[in-house]
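Understanding the architecture of this molecule
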Amino acid sequence: MMNLDEIYIDIMRLIKEAGSMIRERTYKSREANLKSCDIDLVTEWDQKVEKLIIDGISSKYFDHKFIGEEGVGGTKIQLTETPTWIIDPIDGTMNFVHGMPHSCISVALVVNKITEIGIVYNPFIEQLFTARRGKGAFLNGGPIKVSTEKELAKALVMIEFGTSRDPAKMDAVLKNVTHLTPLVHGIRCLGSAALNGCMVALGAAEIYYEFGIHCWDIAALDLIVREAGGVTIDPAGGPFDLMSRRVLCASSMELAQKIAKELTQFYPECD
Ligand code: LIP
């Protein structure tokens, strides 16, 4: 029998430790290595944070599995019924490298393919978003709720440009910006998928969508948004698939379906 209360205390301790580790580093070095292309970055701190969390959890929970952005756990991306931690050690690595204080640690625990815990922690401006299934969503311990706005014309929409220079993908991104700009209240981009989603949970924005993200970018935000009263669906309007590399979250299903109808779709290869 899993003791989720105890697991939650353990992961919070590790995330706080990881946050203290990276908080000091952001302005000190702009060094980064490249992954899939010149805008897909990794720093030594991404790897250190992922290792700290995996080592900390696996020293106590021997059967837990890990899907981490940096592959420190060595496992390939495969979501099974086994308790699995989905970890983005630094979401918003580009921001981190530039010293822009919008990066976070994003961690979710998925058991039997159901997300039980979601945590997004921005240690640079001390924003800790947390959710446990069925228990609501919180910012720094205080409950948060999505916005009640139902009009697309009054909705603030979080978007991203992503970490790929694939021309087909960029074409879809830019078409959407051009098409949506006159239809919505405003368009914003924080440079972190997880923090964009948390803005919807907080009620500070109504919509966030992206094509090309990975499961580690969105696993935690999905639970946080739903626990704050919002929805997460596929950007074409169907059910959300964590491994599809497509996400649309919104403060209501009504608003989610309204924007889904307006989007030029892009279908990346799945995780
Ligand atoms: C990135 C996000 C960025 C999003 C990319 C990617 P990384 O994660 O922060 O906002 O557009 O799709 O998910 O590489 O910084 O962890």
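First, a word on what this report is: a plain description of the structure on this page.

Conventions we followed
- Residues numbered from 1 in each chain as written.
- Predicted model: local features only at pLDDT ≥ 70, side-chain atom pairs only at ≥ 80, totals over all residues.
- Heavy atoms only, no water.
- Core = buried A, V, L, I, M, F, W, Y, C linked by side-chain atoms within 4.5 Å.
- Buried < 20%, exposed > 50% of the residue type's maximum accessible area, 1.4 Å probe, protein only.
- Helix = DSSP H or I, 4+ residues; strand = E, 2+ residues; numbered from the N terminus.
- Domains from an automatic or database assignment.
- Contact = heavy atoms within 4.5 Å.
- Pairing = 2+ DSSP bridges.
- Axes fitted to C-alpha atoms, helices over the stretch in contact; angles between N-to-C directions.
- Salt bridge = Lys/Arg side-chain N within 4 Å of Asp/Glu carboxyl O.
- Parallel < 35°, antiparallel > 145°, perpendicular 65-115°, else oblique.
- Left-handed = near helix turned anticlockwise from the far one by under 90°.
- Nonpolar A, V, L, I, M, F, W, Y, C, P; charged D, E, K, R; others polar.
- 1 Å grid on protein atoms, 1.4 Å probe; cavity = no way out; pocket = protein on both sides within 12 Å on 5 of 7 lines; lining within 4 Å.
- Points joined across faces, edges and corners; volume = space filled by probe spheres on them.

This part is about the nonpolar core. If you look at the biggest cluster of nonpolar residues, it comprises 38 residues, and the most contacted ones within it are I86, V120, F129, Y208, I224 and L242. Of all the elements in the fold, those that place two or more residues in this core are β5 (104–111), β7 (127–132), β8 (137–139), α5 (193–202), α6 (215–227) and β14 (246–250). Ranked by residues supplied to this core, first place goes to α6 with nine residues. Each of domain 1 (4–143) and domain 2 (152–260) contributes no fewer than three residues to this core. Those residues within four positions of Y208 in sequence are excluded, and the remaining contacts are M158, E160, A193, N196, G197, V200, I213, L221, V247, L248 and C249.

Read across the sheet, five strands follow the order β11-β10-β12-β14-β13 without closing on themselves; strand pairing throughout is mixed. The outermost strands of the open sheet, each flanked by one partner alone, are β11 (186–188) and β13 (231–233). Direction aside, the axes of adjacent strands within the sheet are offset by 20° on average. Sheet topology note: the strand β12 (residues 207–211)/β14 ladder contains five bridges and is antiparallel. Residue pairing across strands places I207 opposite A250, the latter belonging to β14. Sheet contacts for α5: β10 (156–158), β12 and β14; angle to β12, the most-contacted strand, approximately 155°.

We now examine the pattern of salt bridges. A full pass over the atoms with the stated rule returns 14 salt bridges. A salt bridge links E116 to R133, with the shortest nitrogen-to-oxygen separation between them at 3.0 Å. Linking E116 in strand β6 (residues 114–122) with R133 in the loop between β7 and β8, this pair joins segments that are 17 residues apart in sequence. Judged by relative accessible area, which is 46%, R133 ranks as partly exposed. Where D222 meets R226, a salt bridge forms, and the shortest distance between an N and an O atom there is 2.8 Å. Separated by four residues within a single helix, D222 and R226 lie in helix α6, roughly one turn from each other.

Let us look at the packing of helix α1 (residues 4–23) against helix α2 (residues 44–58). Interaxial distance between α1 and α2 falls to 10 Å at its minimum, and their mutual angle equals 160°. With respect to their mutual orientation, α1 and α2 come out roughly antiparallel. Here α1 and α2 pass one another in a crossing that is right-handed. Contact residues: α1 offers I11, L14, I15, E17, A18, M21 and I22, while α2 offers W45, K48, V49, L52, I53, G56 and I57. When the residues that make up the contact of α1 with α2 are grouped by side-chain class, the tally is eleven nonpolar, one polar and two charged.

A few words on the layout of surface pockets. Each pocket or cavity is described by its volume, and for the largest pocket that value is around 790 Å³. Along the walls of the largest pocket sit 36 residues, with I39, G162, T163, S164 and E210 positioned nearest its centre. Elements that contribute at least two residues to the lining of the largest pocket include exactly β4 (84–91), α3 (93–98), α4 (167–180) and α6. Tallied by class, residues from the lining of the largest pocket come to 13 nonpolar, eleven polar and twelve charged. Counting the residues that make up the lining of the largest pocket, at least three belong to each of domain 1 (4–143) and domain 2 (152–260). Of the voids in this model, the second largest pocket is the one considered here, and its volume is about 180 Å³. Surrounding the second largest pocket, L79, V110, K113, I114, T115, D222, R226, F240, D241, L242 and M243 form its lining. Of all elements in the fold, only β6 and α6 reach the threshold of two or more residues within the lining of the second largest pocket. Here the lining of the second largest pocket is composed, by residue class, of six nonpolar, one polar and four charged. Looking at which domains feed residues into the lining of the second largest pocket, each of domain 1 (4–143) and domain 2 (152–260) gives three or more.

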